[in-house]
Amino acid sequence: MDFGLKGKNALVTGSSRGLGFAVANELAQEGANVLICGRTQDSVAAAKVELLKHGGKVVAVEADISSPEGIDHVLTMVDAALGGVDILCMSTGGPPPGNFKDLEVEAFTQSANDLIESLVRLIKGVVPEMQDNKWGRIMAVTSISAAQPVDNLILSNTMRAGITSLMKSCANEYARDGITFNCLMPGYTNTQRMAAVLDAAARAKGISIQEAQANISTDVPAMRMGEPEEFAALAAFLASERAGYINGTSIPVDGGWIKGI
């Protein structure tokens, strides 16, 4: 299937590793030009080497998108290097684990700045050009916690749900301009972030990491964790020409973990 992504310009944040890298890699394989960013020069440089194997244009930028200055830098670089953004995918590391009683108010404020405010700034930075072009794809990597809260992840539960409402509202506002807004909800997936979640769960319950992983896999009908490439395949489709009528939705990639219908 031709996704129609050859020559499109994609900005993928948090893309030096994990799910963000997997999305950038999939888009590059489909022929898109990709700007990747991460917090260290070494990490984005290593990711760039891998993406260049697909033969397209890859720009690597060291930037922290939790700050307005970092977002401004990324937006400036993508305009200069690629000439604009057709596809935006915001992927970030998740907020720290913890229960309500364990976290101070400031932790909620910081997570809102890191996740929601950053997404708002990115959308405002790319939407005007997409409106002019009458075409755009905006995706936010959220979590299954947006649909079904996860124990010991109250910050993620709260912020991911807020992002979902933001994206749905924008979908309603900008659909007439040919811009789609969709959320991708990864379940338990083999990433470094998942390793940290497993470690926190193990410590909270006084069990080994292996036991924590087994407990999680038992809760997934597929009886395993997912792979980043399986998640990225959905992102590539949502970015494609074929997905123009899929808008304002949140799609889980979770092996059936979410219990609701």
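The preceding data block contains the structure.
If you're wondering where the values come from, they're calculated on a predicted model, not measured in any experiment. (Residues numbered from 1 in each chain as written. Predicted model: local features only at pLDDT ≥ 70, side-chain atom pairs only at ≥ 80, totals over all residues. Heavy atoms only, no water.)

Caption draft 1: Inspection of the overall build of the protein chain at higher detail. Along its length, the protein chain carries eight helices and seven strands. Here the protein chain has a C-alpha radius of gyration of 18 Å; the compact-globule value for 261 residues is 18 Å, and the two agree. Overall, the C-alpha framework of the protein chain stretches about 50 × 40 × 35 Å when taken along its three principal axes. Per-residue burial over the protein chain gives 47% buried out of 261 residues. (Helix = DSSP H or I, 4+ residues; strand = E, 2+ residues; numbered from the N terminus. Rg over C-alpha atoms; globule rule 2.2 N^0.38 Å. Buried < 20%, exposed > 50% of the residue type's maximum accessible area, 1.4 Å probe, protein only.)

Caption draft 2: A look at the packing of aromatic side chains. A complete count under the given rule lists four aromatic pairs for this structure. The interplanar angle of 65° and the centroid separation of 5.9 Å between the aromatic rings of F3 and F237 together place this pair among those described as edge-to-face. Linking F3 in the segment before β1 (9-12) with F237 in helix α8 (residues 228-238), this pair joins segments that are 234 residues apart in sequence. Given the relative accessible area of 26%, F237 is considered partly exposed. Ring geometry for Y188 and W257: centres 5.8 Å apart, planes at 85°, overall edge-to-face. One end of the pair, Y188, is in the loop between β6 (179-186) and α6 (192-205); the other, W257, is in the segment after β7 (250-253), with 69 residues separating them in the sequence. Here Y188 and W257 have matching classes, each one buried. A cation over an aromatic ring shows up here: K8 above the ring of W135, its NZ or CZ 3.9 Å from the ring centre. (Phe/Tyr/Trp six-rings, centres within 6.5 Å; stacked < 30°, edge-to-face > 60°. Lys NZ or Arg CZ within 6 Å of the ring centre and 35° of its normal.)

Caption draft 3: Region of the structure containing α8. Listed as buried for α8 are P228, F231, A232, L234, A235, A236 and L238. Contact partners of the buried residues in α8: α1 (18-29), β5 (136-141), β6 and β7. (Contact = heavy atoms within 4.5 Å.)

Caption draft 4: Structural detail: the pairing of β6. With eight of its eight residues buried, β6 lies for the most part within the structure. Following the backbone out of β5, through helix α5 (residues 154-174) and into the adjacent parallel β6, one traces a crossover that is right-handed. Across four bridges, β6 lies against β7 in parallel orientation. Paired with L184 across the strands is I251, a residue of β7. (Right-handed = clockwise from strand over helix to strand, strands pointing away. Pairing = 2+ DSSP bridges.)

Caption draft 5: Focus on the packing of α1 against α8. Taken N-terminus to C-terminus, the directions of α1 and α8 make an angle of 55°; their axes are 8 Å apart at the nearest point. The angle between α1 and α8 falls in the class oblique. Read as a crossing pair, α1 and α8 show a hand that is right-handed. Contacts between α1 and α8 involve L19, A22, V23, E26 and L27 on the former and, on the latter, P228, F231, A232, A233, A235 and A236. Residue composition of the contact of α1 with α8, by class: 10 nonpolar, no polar and one charged. (Axes fitted to C-alpha atoms, helices over the stretch in contact; angles between N-to-C directions. Parallel < 35°, antiparallel > 145°, perpendicular 65-115°, else oblique. Left-handed = near helix turned anticlockwise from the far one by under 90°. Nonpolar A, V, L, I, M, F, W, Y, C, P; charged D, E, K, R; others polar.)

Caption draft 6: A look at the environment of R224. With respect to the secondary-structure elements, R224 resides in the loop between α7 (209-219) and α8. R224 sits 31 residues away from G255 along the chain, and the two C-alpha atoms are 7.8 Å apart. Contact partners of R224, with chain neighbours within four places excluded, come to S217 and E230. A distance of 2.8 Å separates a polar atom in the side chain of R224 from a polar atom in the side chain of E230. (Polar contact = N/O pair within 3.5 Å; in protein donor to acceptor, adjacent residues only side chain to side chain.)

Caption draft 7: The state of the cysteines, seen in detail. Evaluation of the coordinates by the stated rule reveals zero disulfides. Here C37 is not disulfide-linked; the sulfur of C89 is the nearest cysteine sulfur, at 11 Å. On the basis of relative accessibility, which here comes to 1%, the residue C37 falls in the buried class. (Disulfide = S-S within 2.5 Å.)

Caption draft 8: Structural context of the pattern of salt bridges. Going through the model one piece at a time under the given rule, you end up with eight salt bridges. Taking the shortest distance from any N to any O, the salt bridge between D102 and K101 comes out at 3.1 Å. The closest approach of N and O atoms between D199 and R203, which form a salt bridge, is 3.0 Å. Placement of both D199 and R203 in helix α6 is noted, with a separation of four residues, approximately one turn of the helix. (Salt bridge = Lys/Arg side-chain N within 4 Å of Asp/Glu carboxyl O.)

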